[in-house]
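# Working through the structure, step by step
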Amino acid sequence: MTLDEHLRAVRLVDHHVHGWFTEPGDRASFEEALNEGSTGPVSSGFDLPVGVAVRRWCAPLLGLPTHASADEYWAARSATPYDDLVATFLGAAGVEHWIVDTGLTPDLVTDPSPRSEVLRLELLMEQVLGEPDVPGAFRERLAAADVVATKTIAAYRCGLDIDWSRPDDAAVAAAASASGARVTDPVLVAFGVHEAAERGLPVQVHTGLGDRDLDLHRADPLHLLPLIRAVEVPILLLHCYPFHRSAGYLAQAFDHVSFDVGLAVNHLGARSVELVGEAMELAPFAKQLYSSDAYGLPELHYLGAQLWRRAMGAVLGEWVRRGDWSEDDAIRVVDLVAAGNARRIYGL
Ligand SMILES: [Zn+2]
């Protein structure tokens, strides 16, 4: 089998993903959902790299020619029963297992399956804030959770440049009693991560780009060095863009650090080829994972997989053509990033 044939056929583990909207929504909400940084309409979502990629790659699945216009795309999408639309895009993704962050707007989305779940540490902390013994209640809930990993959104709550030393229970209790309903105290955030590590649960960390309420300069994974040096469980750096080269360095330097360029693969559209190429520069091949980080639009569950397959084909295919890599090497690395590394790290 050639590399291209293998890339078309290989089944993926999407190691960080969310559900799709339970309702198809109107055009304004669709276009808004194409803009990761937006919390309100800013410009047409079709007038973004990901919007062009939707017209290029998703349009044919709705029976349209590639590069159909935005109006044609919206008309065809609206005319397709939503359940059929979801089944079409989810099926075409070629994903055999989803690892789902269920903590983002659970009432608005339907989660894919078969799936394993990821527990959001800040959400769990918010659920136990009113308990008489917050550290104890947190540990109890964490021990009872049926999940393959945890996730911290420290980048959204306090930045990654915090004191990552392990707080004692008295400090946690004091921080909990002073906390508002939305946990932002670095003591509570660091406590959650250390508790997850204590239980041996992999920790996914949001790094790099996100909504506009995130301070991007405080989302650089290099800020995590003190944490990386303090724990031994797998640390999964999510998204990473534009810090993916730093993430690649961390993955090379530390055995327990891995990363993905999910989310950015979709949002960079045609340039996802260069992004994947840069992610492949330095990091060990056993330390990179595929993810879409799709949320809301079923198009994104498919598009992430499609753009990743295409980027790996372009990058590795070029190396094979130049004689730098054998085709067997390329196929082996595709299998690692597509699914093998995720199966190993999460014990699937
Ligand atoms: Zn996510």
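In every chain, residue numbers begin from 1 and rise along the written sequence. The model is predicted, so local features are restricted to residues of pLDDT at least 70 and side-chain atom pairs to those at 80 or more, both for listing and for counting; the totals for chains, interfaces and linings are taken over all residues. To get the side-chain values, all heavy atoms of the structure are used, and hydrogens and water are removed first.

Now for the overall build of the protein chain. Strands here are runs of E lasting at least two residues and helices are runs of H or I lasting at least four, both read from the DSSP assignment and numbered beginning at the N terminus. Looking only at helices and strands, the protein chain features 16 helices and nine strands. Its C-alpha atoms give the protein chain a radius of gyration of 20 Å, within 12% of the compact-globule value 20 Å for 348 residues. Based on the C-alpha atoms only, the size of the protein chain along its principal axes is roughly 60 × 50 × 35 Å. Three exposure classes are used, based on accessible area relative to the maximum for each residue type with a 1.4 Å probe and protein chains only: buried under 20%, partly exposed in between, and exposed over 50%. For the protein chain, the proportion of its 348 residues judged to be buried stands at 56%. For accessible areas, the Shrake-Rupley method is used with a probe of radius 1.4 Å. Any residue's cover is judged against the shown protein chains and nothing else. For the protein chain, the accessible surface area stands at approximately 14,200 Å², while carbon and sulfur atoms represent 50% of it. One finds the centroid of the 28 positive side-chain charges in the protein chain at a distance of 4 Å from the centroid of its 49 negative side-chain charges. We compute the radius of gyration over the C-alpha atoms and compare it with the globule rule, which gives 2.2 Å times the number of residues raised to the power 0.38. Just so you know, the count uses Lys and Arg for positive and Asp and Glu for negative, and it drops His and the chain ends. A charged residue contributes its charge at one atom only: NZ of Lys, CZ of Arg, CG of Asp or CD of Glu.

This brings us to the packing of helix α3 (residues 49-58) against helix α15 (residues 298-322). Where α3 meets α15, the closest approach of the two axes is 10 Å, and the angle between their N-to-C directions is 85 degrees. Between α3 and α15, the crossing angle belongs to the class labelled roughly perpendicular. On α15, the residues touching Val-50, Ala-53, Val-54, Trp-57 and Cys-58 of α3 are Glu-299, Leu-300, Tyr-302, Leu-303, Gln-306, Leu-307 and Arg-310. Residue composition of the contact of α3 with α15, by class: nine nonpolar, one polar and two charged. To obtain each axis, a line is fitted to C-alpha atoms, and for helices this fit is confined to the stretch in contact; angles are then taken between N-to-C directions over 0 to 180 degrees. Any angle that falls under 35 degrees is termed roughly parallel, while one over 145 is termed roughly antiparallel, one within 65 to 115 roughly perpendicular, and all others oblique. When checking whether two residues touch, look at their non-hydrogen atoms; a contact exists if any pair is within 4.5 Å. Each residue gets one label: Ala, Val, Leu, Ile, Met, Phe, Trp, Tyr, Cys and Pro are nonpolar, Asp, Glu, Lys and Arg are charged, and the others, such as Gly, are polar.

On to the state of the cysteines. Two cysteine sulfur atoms form a disulfide, by the criterion used here, when they sit within 2.5 Å. Throughout the structure, instances matching the rule amount to zero disulfides. Unpaired in this structure, Cys-158 has its nearest cysteine sulfur neighbour in Cys-240, at a distance of 18 Å. Judged by relative accessible area, Cys-240 falls into the buried class, the value being 0%.

Coordination of the zinc ion by the protein comes from His-16 (NE2), His-18 (NE2) and Asp-293 (OD), over a distance range of 2.1 Å. For Asp-293, a relative accessible area of 9% puts it in the buried group. We call an atom a donor if it is N, O or S and sits within 2.8 Å of the metal, or 3.2 Å for Na, K and Ca. Water is not counted, so some sites may look partial.

Turning to the packing of aromatic side chains, a few remarks are in order. In this scheme Phe, Tyr and Trp rings, the latter by its six-membered ring, pair at centre separations within 6.5 Å, and the angle between planes marks the pair as stacked below 30 degrees, edge-to-face above 60, and tilted otherwise. Applying the stated criterion across every chain, the model contains ten aromatic pairs. Considering the side-chain rings of Phe-46 and Tyr-73, the 6.2 Å spacing of their centres and the 70 degrees angle between planes classify their relative orientation as edge-to-face. Of this pair, Phe-46 sits in the loop between α2 (27-33) and α3 while Tyr-73 sits in helix α4 (residues 70-79); the two residues are 27 residues apart in sequence, bridging distant segments of the chain. For the pair formed by Phe-46 and Tyr-73, the shared burial category is buried. Sitting over the ring of Trp-57, Arg-56 keeps its end group 3.7 Å from the ring centre. Both a distance and an angle decide whether a charge sits over a ring: NZ of Lys or CZ of Arg must be within 6 Å of the ring centre and within 35 degrees of the ring normal.

Let us look at empty space enclosed by the protein. One water molecule sets the probe size; rolling that probe over the atoms shows where empty space is left. Only protein atoms enter the 1 Å grid used here. Points where a 1.4 Å probe fits but cannot escape make up a cavity, open sets with protein on both sides within 12 Å along at least five of seven lines make up a pocket, and a residue lines them when an atom lies within 4 Å of a point. Grid points are joined across faces, edges and corners, and a volume is the space filled by probe spheres set on the points. What the rule picks out here adds up to two cavities of 30 Å³ or more. Space inside the largest cavity adds up to approximately 90 Å³. If you go around the largest cavity, you meet 15 residues; those closest to its centre are Val-261, Gln-288, Leu-289, Trp-308 and Val-337. Elements that contribute at least two residues to the lining of the largest cavity include exactly α14 (272-279) and α15. Partitioning the lining of the largest cavity into residue classes produces eleven nonpolar, three polar and one charged. In this structure, the second largest cavity encloses a volume near 30 Å³. Lining the second largest cavity are Leu-121, Glu-122, Met-125, Phe-138, Val-183, Leu-188, Val-189 and Gly-192. Contributing elements (two or more residues each) for the lining of the second largest cavity: α6 (121-128) and α10 (186-198). Within the lining of the second largest cavity, the residues separate by chemical class into six nonpolar, one polar and one charged.

What follows concerns the nonpolar core. Counting 113 residues, the largest nonpolar core has Tyr-73, Met-125, Trp-164, Trp-308, Met-312 and Leu-316 as its most contacted members. Sorting elements by how many residues they give to this core places α15 first, with eleven residues. Dropping the residues within four chain positions of it, Met-312 is found in contact with Leu-7, Val-276, Met-280, Gly-317, Val-333, Val-334 and Val-337. Here, nonpolar core refers to any group of buried Ala, Val, Leu, Ile, Met, Phe, Trp, Tyr and Cys residues whose side-chain atoms link them within 4.5 Å. Ile-99, Ala-339, Ala-342 and Ile-345 belong to the second largest nonpolar core, which has ten residues in total.

Next up on the list: the layout of surface pockets. Estimated volume of the largest pocket: approximately 800 Å³. Glu-36, Leu-104, Thr-105, Asp-211 and Tyr-295 are the residues nearest the centre of the largest pocket, which is lined by 37 residues in total. At the level of elements, α2, α8 (154-157) and α13 (264-267) are the ones that each hand at least two residues to the lining of the largest pocket. Element by element, the count of residues in the lining of the largest pocket is highest for α2, at four residues. In terms of residue class, the lining of the largest pocket is built from 13 nonpolar, 14 polar and ten charged. Counted as a void, the second largest pocket has a volume near 230 Å³. Contributing to the lining of the second largest pocket are Asp-4, Leu-7, Arg-8, Trp-57, Ala-92, Tyr-302, Gln-306, Arg-309, Arg-310, Gly-313 and Ala-314. Take the lining of the second largest pocket: its biggest share by element is six residues, from α15.

With that out of the way, let us pick up unusual backbone geometry. A cis amide bond, omega 0 degrees, links Ser-113 with the succeeding residue Pro-114. Considering the arrangement of structural elements, one finds Pro-114 in the loop between β4 (109-110) and β5 (115-120). Note that the residue after Tyr-241, namely Pro-242, is joined by a cis bond; omega there is 5 degrees. In this structure, Thr-105 is a non-glycine residue whose phi angle is positive, near 40 degrees. In this structure, Thr-105 sits in the loop between β3 (95-101) and β4.

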